[in-house]
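# Overview (structure and organization)
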Amino acid sequence: MTRHGHGGRDILFRNLLKDRTAAVTRFTHFRCSLLIVFATLAGCSGDLSTLDPAGPSAASVATLWWIMFTGGTLIFAATSVVLAVAWAKPRLLGANPQRLLILWGGLVLPSIILAALVFSAFALGERLIGASGSPAPLRIEAVAERWMWSFRYLINGAVSEQVLHIPAGEPVEFAVTSEDVIHGFWIPRLGGKIDAVPGHTNMIRLQADRPGRYGGVCAEFCGEGHEIMRFEVVAHPLQEYEAVLDRLAAGEAP
Ligand SMILES: [Cu+2]
């Protein structure tokens with residue numbers, strides 16, 4: 001009777017322990033999921049986020065990213081459904097489903113989706129490098145050198161290092177080149193990246209819609225200092241920009 005009582009208590013404790021372990025595991029899973037969600041969302045903001053655009057080119061990049069993400073998700077969902085049906089209820093696909101699946105899944109659908117993606121990528125790509133539209137009135141030379149950036153303002157010959165000054169709300173044309181190896185000029189919140197190639201000049205047009213500070217990086221591995229090859233972009237209100245360039249030309253802090 002005593003042993004039976006002990007046995008009952010043991011079982012009771014064991015069950016309680018099991019419940020508690022399950023609850024702790026559930027809670028840990030819940031916290032892990034929350035952490036993953038927050039970490040993922042945190043990646044969508046910050047001064048280097050392409051999903052937090054601050055100019056028209058970056059908005060085009062973000063749009064293209066969402067189109068491709070949606071397309072990829074739809075294709076994945078459709079493939080998963082076909083796989084699940086083939087696994088669980090193969091009869092639903094008919095007696096000889098191969099022809100139908102190859103025709104629709106291998107030919108028709110990919111052609112439609114790839115054509116739509118190529119068309120939107122070309123249309124948006126034109127806008128990204130500023131190939132269409134009138135030339136921007138302001139041009140800045142961006143010169144990369146291991147492991148720093150210098151900016152030459154062609155309007156008055158001013159030069160700045162590691163900090164790029166631009167006017168807000170105005171398109172700026174960048175003539176990008178390098179003094180040594182290939183680097184990549186990239187301001188994620190303002191637009192796409194472009195290579196800085198020695199002996200060659202690449203053009204890109206960017207615009208910041210609002211005054212503020214944005215991050216810039218070298219987007220091409222260029223040696224051991226690549227990691228620190230960052231720069232800051234300051235977008236000034238248009239009416240203050242001329243004074244900023246004058247101070248830069250005079251060697252003063254803008
Ligand atoms: Cu670099």
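Residues numbered from 1 in each chain as written. Predicted model: local features only at pLDDT ≥ 70, side-chain atom pairs only at ≥ 80, totals over all residues.

## With respect to the overall build of the protein
Just so we agree on the cut-off: Per the convention used, a helix needs a DSSP run of H or I reaching at least four residues, while a strand needs a run of E reaching at least two, with both numbered from the N terminus. Exposure is read from a count of other C-beta atoms within 10 Å of each residue's own; the residue is exposed at 12 or fewer, buried at 20 or more and partly exposed in between. C-beta atoms are placed from the backbone. Contact between two residues is assigned when their C-beta atoms, built from the backbone, lie within 7 Å.
If you tally the helices and strands in the protein, you get four helices and ten strands. Shown N-terminal to C-terminal, the secondary structure of the protein runs as helices and strands in the order α-α-α-β-β-β-β-β-β-β-β-β-β-α. Going through the 254 residues of the protein one by one, you find that 22% of them count as buried. Taking the intrachain contacts of the protein between residues at least 6 apart in sequence as the baseline, contacts between residues at least 24 apart amount to 65%.

## As for the sheet that holds strand β5 (residues 172-178)
So the rule is basically this: Two strands qualify as a pair provided that DSSP identifies no fewer than 2 bridges between them. Between N-to-C directions, angles span 0 to 180 degrees; the directions come from axes that are lines fitted to C-alpha atoms, helices contributing only their stretch in contact.
The sheet built from five strands is open, its strands ordered β3-β2-β1-β5-β8 with mixed pairing. Each edge of the open sheet carries a strand with a single partner, namely β3 (158-161) and β8 (202-206). Along the sheet, successive strands turn relative to each other by an average axial angle of 25 degrees, direction set aside. Relative to β5, strand β1 (residues 138-145) is paired through seven bridges, and the arrangement is parallel. Bridging from a neighbouring strand, A142 pairs with V176 of β5. The sheet strands contacting helix α4 (residues 238-249) are β2 (148-153) and β3, and the helix crosses β3 at an angle near 85 degrees.

## A word on the UniProt feature "transmembrane region" (unreviewed entry) in the protein
Here is the rule we go by: UniProt positions are given in the numbering used here, feature names are shortened, and annotations may be inferred rather than shown by experiment.
UniProt tags residues 21-43, 63-88 and 100-124 as "transmembrane region" (unreviewed entry). Split by type, residues 63-88 is 100% helix and 0% strand. Its first and last C-alpha atoms lie 37 Å apart. Segment residues 100-124 splits into 100% helix and 0% strand. End C-alpha atoms: 34 Å apart.

## As for the nonpolar core
Soluble globular proteins tend to pack their nonpolar side chains together in the buried interior. Our working definition: As used here, a nonpolar core is made of buried Ala, Val, Leu, Ile, Met, Phe, Trp, Tyr and Cys residues. They are joined through C-beta atoms within 7 Å.
Residues A142, F174, F185, L190 and Y214 are the most contacted members of the largest nonpolar core, which totals 36 residues. Apart from the residues lying within four places of it in its own chain, the contact partners of Y214 are D47, A54, I187, R189, L190, A208, V233 and A235.

## Digging into the pairing of strand β10 (residues 230-236)
The two faces of β10 differ: F231, V233 and A235 on one face are buried, but R230, E232, V234 and H236 on the other face are not. As paired strands, strand β4 (residues 163-167) and β10 are joined by five bridges and run parallel to one another. Across the sheet, residue L164 finds its bridge partner in β10, namely V233. Where strand β9 (residues 212-218) lies against β10, six bridges are found, and the strand directions are antiparallel. The partner of G216 across the bridge, within β10, is F231.

## Brief notes about the sheet that holds strand β6 (residues 183-186)
Across the sheet, five strands lie side by side as β4-β10-β9-β6-β7; this open sheet has mixed pairing. For this open sheet the edge positions go to β4 and β7 (194-196), each flanked by a neighbour on one side alone. Going from strand to strand, the sheet's axes swing by 30 degrees on average, the running direction of each strand aside. Both β6 and β9 contribute to a ladder of two bridges, which runs antiparallel. Following the sheet pairing, W186 is matched in β9 by V217. Of the strands in this sheet, β4 and β10 touch α4, which is tilted by about 140 degrees from β4.

## A short note on the environment of V234
Topologically, V234 is positioned in strand β10. A C-alpha to C-alpha distance of 5.0 Å links V234 and H165, two positions 69 residues apart in sequence. The contacts of V234, once residues within four sequence positions are left out, are V163, H165 and R213.

## Considering α4
Going by this rule: The span you would expect from a helix comes to 1.5 Å times its residue count less one. Regarding the arc, it is the one traced by the directions from the helix axis to the C-beta atoms.
With twelve residues, α4 extends 17 Å from end C-alpha to end C-alpha; this agrees with the ideal 16 Å at 1.5 Å per step. Buried residues of α4: Y241, V244, L245 and L248, and no others. The buried residues of α4 occupy an angular sector of 95 degrees when the element is viewed end-on, so they sit on one face. Residues of α4 that are exposed and point over 90 degrees away from its buried face: Q239 and A243. The secondary structure elements touched by the buried residues of α4 are β2, β3, β4 and β10. The positive-phi residue at the C-terminal boundary of α4 is G251, with phi of around 80 degrees.

## Overview of the pairing of β1
A regular strand carries its side chains on alternate faces of the sheet. Sheet topology note: the β1/β2 ladder contains six bridges and is antiparallel. Directly across from A144, in β2, lies its bridge partner W149.

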